[in-house]
Amino acid sequence: MFYPLLMSWTVCAVRVETLSVSDFYPFGGDNGDTVMAKNDDGNSPDIPVSTKFPFFDKPHNKLIVSTNGAISFLTPVSQYTPDPFPLDGDRRLITPYWGDVDTRKGGQVWYRETTNSRILDRASNEIKTNFPEFNRFHAAWVFIATWDKVAFYGCSNGGCSKRNTFQAVLITNGQHAFAIFNYANIQWTTGTASEGNANTGLGGKPAQVGFNAGDGKVYYVVNGSRTADIVNINSKSNVDIPGKFVFRIDSSKIGGGGCNTEGNVIITPRSGPMFGGQHLTFSGPCVDQYSSFKVKFPGIRWVLECEIKSQYSFVCITPMFDSDGDLSVLIYLSNRTTTHSFEGTFFVLNPAFSKVLVNRVNPDIWGNGEHSISWDEKEAELENSSSVDLHLFTLQLRNGGLKFESFIAKKNISKSECMTTFSLNVTQHVALLRVTSRVETMIKMPPRGIWSDVFPISKSKDEAIQACQSWIKSETKSLSTDFDVGPCPCTIQQAVLDIVKYQPDPDCNRFQIKSKQTVNCRYRRDARHCVRLSGPSETGMDNVCCFNAKGNLIDSRVQEGGTLQRFHYLGKKPENVPYITNFYHDVVPFLQCCRFSQMQSDINQENTTYNLCQDFLKIRKYSSCQNYEPPRPARTSGDPHLSTLDGYSYTFNGAGEFVYIYTEDDLFKSQIRFEQFQKEDGSLVQATVATALVMEHINSSDRIEVRLNPIRTADVLRNGQLLDFEESNWMNLKGVTVILLPVEDNSTDKSIMVMFKDIKIAFNIQASKKILNISPVVQGDQLKGKLKGLLGNSDGNASNDLLSSTQQQLPENATDVLIFNQFGMSWVINETESLFTYEPGKSFADYHQPSFRPVFESSVTVTEEVRAVCGEDKECIFDFSVTGSRDVAEQSLTFQKQFQESQEAALIVLTCSDLPTIPGGVWESTNGNLENSSAVFVCRNGYMVYRSTNNVTCRNGHWEPNENPSCIKYGTDLYTRNTSTPIYSTSSDLPVYIGVGVGILFIIIFILILVILIRKRQRSGGFNIFSRASNLTPTEDTDDRSTELSPLKTEKIVPSESPSKIV
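The structure displayed is predicted, hence computed values, not measured ones. (Residues numbered from 1 in each chain as written. Predicted model: local features only at pLDDT ≥ 70, side-chain atom pairs only at ≥ 80, totals over all residues. Heavy atoms only, no water.)

Visitor: Requested: an account of the packing of helix H2 (residues 461-476) against helix H5 (residues 580-594), with residues and values cited.
Guide: In the contact formed by H2 and H5, the axes pass within 8 Å of each other and the chain directions differ by 130°. Between H2 and H5, the crossing angle belongs to the class labelled oblique. Crossing geometry of H2 relative to H5 is assigned as left-handed. Residue-level contacts link Ala464, Ala467, Cys468, Trp471 and Ile472 of H2 to His585, Pro589, Gln592 and Cys593 of H5. The class makeup of the residues in the contact of H2 with H5 is seven nonpolar, two polar and no charged. (Axes fitted to C-alpha atoms, helices over the stretch in contact; angles between N-to-C directions. Helix = DSSP H or I, 4+ residues; strand = E, 2+ residues; numbered from the N terminus. Parallel < 35°, antiparallel > 145°, perpendicular 65-115°, else oblique. Left-handed = near helix turned anticlockwise from the far one by under 90°. Contact = heavy atoms within 4.5 Å. Nonpolar A, V, L, I, M, F, W, Y, C, P; charged D, E, K, R; others polar.)

This is the structure:
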């Protein structure tokens, strides 16, 4: 089957003017070009390129210029008559004008590679103009080949005066690639060896213009190729400039630039911030000076006008939204007589996932006063303006709803300064900043600008105390005991494993630390990694679990860590605006009660403020991992080695597409593709590796596909369309969350999380150049024994995991051959079952190889090099021996070690109950509530130990010994001391404790004497000490000391005030 990609001549009205040589990119000896020697059917030597050039989804580090009007990448082109595309035999070609050129008869061929800044800027601007969806493209490399006044083979004296002048310009930024074809003067189409006329250069088999992948399947030709009409190519165009063609060529689908009279509208970028102000480019339809363009976003009352950017595009500015996710955009294009409507999709980003483009300097504590910010003047939202304003937005709670109010904090700032200082003086608690363009437009449009993060405004201690007390009073009214969020993971290893129930916290995670981001864990400063619920609980709540540098779960009574959250940061309820409501009602109160109110050291205030934080944690309970059950991991790695969800390990080297994990009812499906491993020289080995994975919760989620890509390492597709991570690495989609995690510097590898919350299945995927290593995770008992496929049934019994699709049970000790034939191959899928998306030129049949037979482990010979790398590890030995790739072997070792850590994290750990909350004091534990952890009791500032205690240790699920400590305030009748240092049994307190002890001893002796006297008196009919005759009355115990408190009873939180949507 062939896969042509044809271009139509009539895509837009074409201008009358044609190109001249002066419109070409500069060429010739004066510009540093290399000139080819006079020849017929010759080629340049291999030309190394400094930046890998992506073409037809393959990277290339060399190219060859052919005299005959072609550029090749794998083999030289000496053929003078252009065969019709598609061609096989590795003839991967770019052909601006493939015909029989003979420079011996006249003309020259020039070429050069360049990174000259002027050329790069010119190339970048051409791509931005002709491909508006690439409005942020910056060329890194350009190659220019020019055929200047070249003659054709076999020309007569008169025929040799017929000359062609054309140019090919190749452009790339390393990931995307483009080709520009320029034509100035085209007078001939055919040489005489191709049956052309010697006098005219016409007739016979004319020249061909296009692109060929070299696989005999995929190609692209310009209309008119190999016909007499190709001589008129200098009057044709796909970008409305006669003699100029522009193509995108990095992928398997060649795309033309310019516009079209019908088809879809392309929105760029495809996603953007919830706060609006984003510069959106709409391209696709052709426009003229009479055109007008409007868009309608759902939930926005008015239709927005847009301005013409070029004949290929419009620019619109997004409004402020109050929800995130997919929006269906209605687009209206009008001219003098008609109106056409189009539909597009725009993805609104949760503020937690949006890029921060306005950077606050020293951002950790921002209170009223002078502050500085910085920005990048090249952002699209700031284009066409030399100055900007700074807008401050503050968040207000009014009439039960959250609303933003804005005002100008500073006016008319030079954009090119990229930094400014301003004065902050507000009474509100939450704010964000927008650097706003001062560009003037002919039509009314929303303001355009770039945003800072949402940030708390730090208050004085007195203000923080007042705000905290007010918040506690309001929240206590709605306190309930029905928390439905479940426990936290007990260790950071469990938190990293459990990507089913929990997700990394966007504001605090170790992956940001790994990527050297400076803003991380700002609101939980003792944490190094936090996780949050993958989605809101039934009541809309969230649970933040944080872990310190030792990997232990943080108790927020001791350090700044996680707590229960009344509102989930993902929103998803009418009264819960994504991120904003959570930040206002959960993050800021925590800071006010547990940080800002603690910033001074006055003893009397410390008594109050520490209790404020304790009171906060009664309402937003501290983290606990009691009764936590981790999920089950599985894996597929190397040449494929699989471990099932129940822990059974085997090797299966099938070639094709297979059932990976299905639920018994087929409501969840995941399929895996194994392909033969290809060595660096292109040869195939008799073993396979995972190259693609597709998964879907049927009718409940988007379909997500991850597949290797030679240029970008791996692509993520959503319902068959490439996901764009340009604006955010975090996509919360329909029924599934996809996160592209940062990796080490200079690494081309990718780490991708795909999480299906509702079905409780997730995948951790590590993509390298030639292999996918995959670790699925399944949570809870609801799927126990209800799965099928290559990873078993997850019933807790590894011995029955080799159950074929025909219900044939293989024994645990089955050989690799038996597993291959009777188990693995039974799970191969057919074409109608496939969920995969196939690239142009590919189909199910290209991957389905039922007759493939691999090398089995028993036939592997181990060399010294293999042993040096792998030691005794059988999987590594097999991978290295069969693939010959040291990289694959080392990756196999690394991933296997990671999986072993995951298996250890999947074990249920023994824990003790939460240590009780003590007014004025806290238990500091060495390792949380885990078995063998020890804890010491310490009183906070302003308190002293009243009843001392021994250290306690968690043994067999119980704290031993059973202690009952308490603290008393300084300044009581028993003892007064003016110090802010925490007190715990120091030598300087010894006289105090002796005095207190003696006093207590006297009291005890007095009571004993009274008891003795009473008993004696009672025997003799004596007095009652509380009788009226004694003049003594019972008094209440006014001592504020506390006995051991039982664990806090928690109640369901019902919003006392329901914040409305942002307006």
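There is more to say after this.
Visitor: Describe helix H1 (residues 117-130), with residues and values.
Guide: Taking 1.5 Å per residue, 14 residues should reach 20 Å; H1 reaches 20 Å between its end C-alpha atoms and fits that length. Of the positions making up H1, those classed as buried are Ile119, Leu120, Ala123, Ser124, Glu126, Ile127 and Asn130. All buried residues of H1 fall inside an arc of 160° around its axis, so they share one side. Along its buried surface, H1 packs onto strand S7 (108-114), strand S8 (141-150), strand S9 (164-172), strand S10 (177-185) and strand S13 (244-248). (Expected span 1.5 Å × (residues − 1). Buried < 20%, exposed > 50% of the residue type's maximum accessible area, 1.4 Å probe, protein only. Arc of directions from axis to C-beta.)

Visitor: Any chance you could break down the pattern of salt bridges for me, citing the residues and the numbers?
Guide: One pass over the full model with this rule turns up 45 salt bridges. Notably, a salt bridge pairs Glu475 with Arg620, separated by 3.2 Å at the nearest N-O pair. With Glu475 in helix H2 and Arg620 in the loop between helix H6 (603-619) and strand S35 (632-633), the pair connects residues that are 145 residues apart, well separated along the chain. Classification of Glu475 by relative accessible area gives buried; the value is 3%. (Salt bridge = Lys/Arg side-chain N within 4 Å of Asp/Glu carboxyl O.)

Visitor: How would you sum up the sheet that holds strand S16 (residues 271-273)? Please name residues and give values.
Guide: Strand order in this open sheet of eight strands is S15-S17-S20-S19-S18-S21-S22-S16, and the pairing throughout is mixed. In this open sheet, the two edge strands, each paired with only one partner strand, are strand S15 (266-268) and S16. Averaged over neighbouring strand pairs, the angle between their axes works out to 35° when direction is ignored. Relative to strand S17 (residues 279-283), S15 runs antiparallel, the two being bridged by three bridges. What sits directly across from Ile266, in S17, is Ser283. (Pairing = 2+ DSSP bridges.)

Visitor: Pulling in residues and values, what's your account of the state of the cysteines?
Guide: One pass over the structure, following the stated rule, counts eleven disulfides. In this model, Cys594 is linked to Cys613 through a disulfide, with the two sulfur atoms separated by 2.1 Å. One quick way to see it: the torsion about the S-S bond of Cys594 and Cys613 is about 100°, and its sign makes the bridge right-handed. Within this pair, whereas Cys594 is found in helix H5, its partner Cys613 is found in helix H6, the two being separated by 19 residues in sequence. (Disulfide = S-S within 2.5 Å.)

Visitor: Quick one: what's the story with helix H10 (residues 874-883), residue by residue and with numbers?
Guide: Most of H10 sits out of view: eight of its ten residues are buried. Turning to H10, its buried residues are Glu875, Cys876, Ile877, Phe878, Asp879, Phe880, Val882 and Thr883. Capping the start of H10 is the job of one residue whose side-chain oxygen sits 3.2 Å from the backbone nitrogen of Glu875: Asp873. Following H10 by one or two positions, Gly884 adopts a phi angle in the positive range, close to 70°. (Polar contact = N/O pair within 3.5 Å; in protein donor to acceptor, adjacent residues only side chain to side chain.)

Visitor: Explain the packing of aromatic side chains residue by residue, including any values.
Guide: The full count for this structure, using the stated rule, is 53 aromatic pairs. Ring centres of Tyr97 and Phe166 lie 5.5 Å apart, and the angle between their planes is 45°; on these two criteria the pair is classed as tilted. Here Tyr97, found in strand S6 (residues 93-98), pairs with Phe166, found in strand S9; they are 69 residues apart in sequence, far enough to count as distant. On the basis of relative accessible area, Tyr97 is assigned to the buried category, the value being 0%. Taking the centre distance of 6.2 Å and the plane angle of 25° together, the rings of Tyr111 and Phe143 count as stacked. With a gap of 32 residues between them, Tyr111 in strand S7 and Phe143 in strand S8 connect regions that are remote in the sequence. Grouping residues by exposure puts Tyr111 and Phe143 together as buried. (Phe/Tyr/Trp six-rings, centres within 6.5 Å; stacked < 30°, edge-to-face > 60°.)

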